[in-house]
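# Summary of the model geometry
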Amino acid sequence: MKTEEVGAALLETWSVDEVAEAFDRNEIVLIDVRTPQEYMFEHIEGALLMPMAFFKPEKLPGQGEKRIVFHCGSGVRSEKVARAAIAAGLARVAHMEGGFGAWKGNHKPYIGTNMATGAPTPIS
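Attention now moves to helix α3 (residues 76-87). With twelve residues, α3 ought to run about 16 Å at 1.5 Å a step, and its terminal C-alpha atoms sit 17 Å apart, in line with that. The set of residues buried in α3 consists of Ser 78, Val 81, Ala 82, Ala 85 and Ile 86. End-on, the buried residues of α3 take up no more than an arc of 145 degrees, which puts them together on one face. In α3, the exposed positions that point more than 90 degrees away from the buried face belong to Lys 80 and Ala 87. Elements that come into contact with the buried residues of α3 comprise β1 (2-6), β2 (9-14), β5 (67-71) and β6 (92-96).

If you want it as structure tokens, here you go:
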């Protein structure tokens, strides 16, 4: 995990493996900030959707029990959202380095779309 001090806050950048392990142990809330269309086509099963275009940091859950980790397609949007969350007063925020592309590149499981039927399909 990489960390960066942003004022009095801490911005964490987690690797795909760190996110996958923490997510499997139910230690984090994974929030996908991509568009609804991107999410519908393929997403990490169990990740919540809060598109960057509609991001409202004041609506985020507290981080008393579980850390919030943002992710997007490549890591660019999730870092922007994480910085916006810090600007809104969250003291410790994380995002996944490389985004969903890195997740798939590391052969982590996700839900894709069967192009023949349009049905959601687990991919591992």
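Still to come is the rest of the account.
A word on the confidence of the model for the chain. Taken over all residues, the pLDDT of the chain has a mean of 94, while the share at 70 or more is 100%. Mean pLDDT values over the elements of the chain span from 90, in β1, up to 98, in helix α1 (residues 16-24).

A few words on unusual backbone geometry. Although it is not a glycine, Asn 26 sits at a positive phi angle of roughly 60 degrees. You can see Asn 26 is positioned in the loop between α1 and β3 (28-32). With a phi angle near 60 degrees, His 107 is a residue other than glycine that sits in the positive phi range. Checked against the element boundaries, His 107 lands in the loop between α4 (99-105) and β7 (110-113). Look at His 107 and you get exposed, because its relative accessible area is 65%.

A word on the side chain of Arg 34. Tracing the chain through its elements places Arg 34 in the loop between β3 and α2 (36-41). Its relative accessible area of 3% is what places Arg 34 among the buried residues. For Arg 34, the side chain forms a polar contact with the side chain of Asp 32, separated by 2.8 Å. At a separation of 2.6 Å, a polar atom in the side chain of Arg 34 contacts the main-chain carbonyl oxygen of Glu 42. With residues up to four places along the chain from it excluded, the contact list for Arg 34 reads Tyr 39, Glu 42, His 43, Leu 49, Pro 51, His 71, Cys 72, Gly 73, Arg 77 and Phe 100.

Calculation notes
- Residues numbered from 1 in each chain as written.
- Predicted model: local features only at pLDDT ≥ 70, side-chain atom pairs only at ≥ 80, totals over all residues.
- Heavy atoms only, no water.
- Helix = DSSP H or I, 4+ residues; strand = E, 2+ residues; numbered from the N terminus.
- Expected span 1.5 Å × (residues − 1).
- Buried < 20%, exposed > 50% of the residue type's maximum accessible area, 1.4 Å probe, protein only.
- Arc of directions from axis to C-beta.
- Contact = heavy atoms within 4.5 Å.
- pLDDT = per-residue confidence, 0-100.
- Polar contact = N/O pair within 3.5 Å; in protein donor to acceptor, adjacent residues only side chain to side chain.

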